[in-house]
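# Notes for the structure review
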Amino acid sequence: MQPHIRAMIAAATFASITGKKVAGVHDHTAAQDLRIAAECRGDQLQGFDGDRGVKFGGTLPEIYDEGEKTFVSVEREGDRVKGYDRQSSTFCTAQVADGLVQVYDHGQGAWFAYDMQDPQSDRSYHRAAG
């Protein structure tokens, strides 16, 4: 799974599970801030990846990434999601805890951590909770 798809899944997971908006994402593995925004109302998710200049979204569990021209499944199960990236044929799981999203990429066999930026603050939800 490509890193930007994992980050998109992290933002979609946070927005859909918490109902809070995402104004940016910090990728701990890459030690990099990403310009990814997401919002979910009911089952309708909309987002924008400013680094790639593309929209993503749709009716959950299916979201469409306009940049890659592919669908990604993000199926909610309590405080976590099961996902599937059709482009890479890769499964993932993601969970939210205290503003931090952890994504397990089954293709890479590894966990990836992301902080979500609060649009009403200069801090992440994770740092604001601590």
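Because the structure is predicted, anything quoted here is derived from the model rather than measured.

### Looking at the overall build of the chain
From N to C terminus, the chain includes two helices and 11 strands. Counting from the amino terminus, the chain carries its helices and strands in the arrangement α-β-β-β-β-β-β-β-β-β-β-β-α. Computed over C-alpha atoms, the radius of gyration of the chain comes to 13 Å, within 12% of the 14 Å expected from 2.2 N^0.38 for 130 residues, which places it in the range of a compact globule. Per-residue burial over the chain gives 45% buried out of 130 residues. Pairs at least 24 apart in sequence give 37% of the contacts found in the chain among residues at least 6 apart. Of the roughly 6,500 Å² that the chain leaves accessible, carbon and sulfur atoms contribute 46%.

### Observations regarding the environment of D105
Structurally, D105 is set in strand β10 (residues 100-105). On the accessibility criterion, D105 (0% relative accessible area) is buried. Contact partners of D105, with chain neighbours within four places excluded, come to M1, R6, T90, F91, C92, A110 and F112. There is a polar contact of 2.8 Å between the side chain of D105 and the side chain of R6.

### What to know about the sheet that holds strand β6 (residues 62-65)
Pairing is antiparallel in the open sheet, where 11 strands are placed in the order β2-β1-β11-β10-β9-β8-β7-β6-β5-β4-β3. For this open sheet the edge positions go to β2 (32-34) and β3 (36-41), each flanked by a neighbour on one side alone. Taking each pair of neighbouring strands and ignoring which way they run, the sheet shows an average axis angle of 20°. Note: β10 against strand β11 (residues 110-116), six bridges, orientation antiparallel. Within β11, the residue paired with D105 across the bridge is A110.

### With respect to the environment of F91
Mapped onto the elements, F91 comes out in strand β9 (residues 90-97). Distance from F91 to Q102, taken between C-alpha atoms, is 14 Å for residues 11 residues apart in sequence.

### Examining the pairing of strand β8 (residues 80-85)
Burial along β8 is one-sided: V81, G83 and D85 are buried, while R80, K82 and Y84, pointing the other way, are not. By the bridge criterion, six bridges tie strand β7 (residues 70-77) to β8 in an arrangement that is antiparallel. Bridge assignment links E77 to a residue of β8, and that residue is R80. Between β7 and β8, which pair antiparallel and follow one another directly, the connecting turn spans two residues, one of which, G78, has a positive phi of 70°. Adjacent in sequence and paired antiparallel, β8 and β9 are bridged by four residues, among which S89 carries a positive phi angle near 55°.

Calculation notes
Residues numbered from 1 in each chain as written. Predicted model: local features only at pLDDT ≥ 70, side-chain atom pairs only at ≥ 80, totals over all residues. Heavy atoms only, no water. Helix = DSSP H or I, 4+ residues; strand = E, 2+ residues; numbered from the N terminus. Rg over C-alpha atoms; globule rule 2.2 N^0.38 Å. Buried < 20%, exposed > 50% of the residue type's maximum accessible area, 1.4 Å probe, protein only. Contact = heavy atoms within 4.5 Å. Areas by Shrake-Rupley, 256 points an atom, 1.4 Å probe, with all protein chains shown as cover. Polar contact = N/O pair within 3.5 Å; in protein donor to acceptor, adjacent residues only side chain to side chain. Pairing = 2+ DSSP bridges. Axes fitted to C-alpha atoms, helices over the stretch in contact; angles between N-to-C directions.

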